[in-house]
Amino acid sequence: MINANVEYRLISYSDYNYTMLCKEENKADILEYAKLQGYQIITHPISTHNGYHFGYNLTEFILLKKQQVLYEIFFQLPSFSLTDRYIIPLDKIIQNAAWTKCRFIEEKKYLIPEVEMVYRLASAIFRDKTFKSANVDWINEYSYILNNDEFVDMLSKVFFKYTNRLLFLIKEQQFLNIFEDYLGFSQY
Amino acid sequence: MSNPGVIKLASEKIYNHNVWLDDNIGESIHLHIDDWRFDFSINSFEIFTRELTNVINNLVSLEDFDVNKWDIRFVHQLSPYIKYISKINKEECYLSKLNVLNDNGIMINLTECSRVKALQGTININDTKNRASNWINETNESRLTNCLEYIKEHGYEMSDNCITVVGRNNLIIDGWHRASCLYYLNGDIKLPVKKIYFKEDFVPLDEFHFPGFKIPQNSKVILYGAGKIGQMYYNQIKKTNYCKVVAWVDACYNSIKPIDDYSIEDPKVIPTKDFDYVIIAIGNMIIKNKVHSFLTNLGINSKTIII
């Protein structure tokens, strides 16, 4: 799928699962390529078919399968909402930042760490409602980003006045308390 | 772009306007009225709600009325009718004389309601629809259990928080669970209740609900009155299948179009019908009494006339 000759950013990658961000303008090309190359198009578990609502013009995800490998394609970086079964795109500033630069690892293009950090924090709080150990390890590995102005600016577009509190809790390693703390936040 | 941390706090249609309230965590509270949006900080929203409480108190022209002393869920239920309150009296009443709106929306006697039956162990309360007035994470069972434990420990609070009823039929509008627990623990005792009276030109709340407690289920009924109340009763019956409507009559039958499969007929046909009860679905008490006289003059047994 990476050979489809379209611009992409890998979000996560393992032997049997790829999650990537592509541009919406390339959606038709991707589907055409998938068809020609024998990929199976599968209904994504998070889809309108399965009762989810995609807000603010978020394009539905595509899920492809070939030889037991799943390829999940987003067209904007998504975030779950606290509103049940409601998915929205992250702020436009974050979407733009995802495409402005990329990080190369083994000749594959990934999100820059600043954007990936925002995506991971949003996923941990709104989708998982907890911080899994793999996520905590990654966040700690890239903890230098937490003081980056560009990153903080993007994070504030998701967490608003909770941003500083969130950064404090992360730096204090209080990951287990974050979700409940967020729900109870009232300083706004 | 929207805040992912959005929790819908409330949603209601008020006089044909869509009104809803969102908490956008970290950002602000949004009050939406159709295409308008009002943003509040937490503090300003608290001030706003305090001011609204003052408005409610001012709508009721009773000296010692204070909505802060009422259960907020009950205030919400009563809100469309608050301005019609004329007096609130404390009166004594036997529990068996109280009625409730059962889970299917039909008015039935307290002693036959689902909460009493659940306490007696004859039904599982969680099989009934979860009450919209339950708190978050509160089930019907936990609400009833907590109420029972509270009553066992504290007894019946006879101050401002006593059971509240409305109308000729003593419809409980606040205190169903307490009344059920008290009946379960003590039987048919007499106790003080708060009774709300409405201004004369307002049709009492209990009149909007089919009086199921007055007739056995599966009775054959004739509805007298095809106006607002008659149509409400009909819709409740249709939704619940509590009884069977065998005919529908109205004095103005000539000018009323058929409703569903029912042609609205001349009341004079009533003696020709096979029925168990005639339900007078009219709000105005004077007219209701006149209809009652009319029916008895037609030869209808007054025991079969539900007024």
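Residues numbered from 1 in each chain as written. Chains lettered and ligands numbered in written order. Predicted model: local features only at pLDDT ≥ 70, side-chain atom pairs only at ≥ 80, totals over all residues.

A. Spotlight on the nonpolar core. With 55 residues, the main nonpolar core has Leu110, Ile172, Ala179, Leu223, Tyr224 and Ile279 of chain B as its most contacted residues. At five residues, helix 5 (residues 176–186) of chain B tops the list of elements feeding residues into this core. Structurally, this core is a two-domain feature, drawing no fewer than three residues from each of domain 2 (86–205) and domain 3 (215–306) of chain B. Listed in part, the 48 residues of the second largest apolar core include Leu82, Tyr86, Phe131 and Ile178 of chain A. (Core = buried A, V, L, I, M, F, W, Y, C linked by C-beta atoms within 7 Å. Buried ≥ 20, exposed ≤ 12 C-beta atoms within 10 Å, placed from the backbone. Helix = DSSP H or I, 4+ residues; strand = E, 2+ residues; numbered from the N terminus. Domains from an automatic or database assignment.)

B. Layout of helix 5 of chain B. All names here are of chain B. With eight of 11 residues buried, helix 5 lies mostly within the body of the structure. Listed as buried for helix 5 are Trp176, His177, Arg178, Ala179, Ser180, Cys181, Leu182 and Tyr183. With its phi angle positive at about 80 degrees, Gly187 sits one or two positions after the end of helix 5.

C. Examining the sheet that holds strand 4 (residues 53–54) of chain A more closely. Residues and elements named next belong to chain A. With mixed pairing, the three strands of this open sheet are ordered in space as 4-8-7. The open sheet has two free edges, formed respectively by strand 4 and strand 7 (78–80), since each of these has just one partner strand. Note: strand 7 against strand 8 (residues 86–89), three bridges, orientation antiparallel. Bridging across to strand 8, Ser79 finds its partner in Ile88. (Pairing = 2+ DSSP bridges.)

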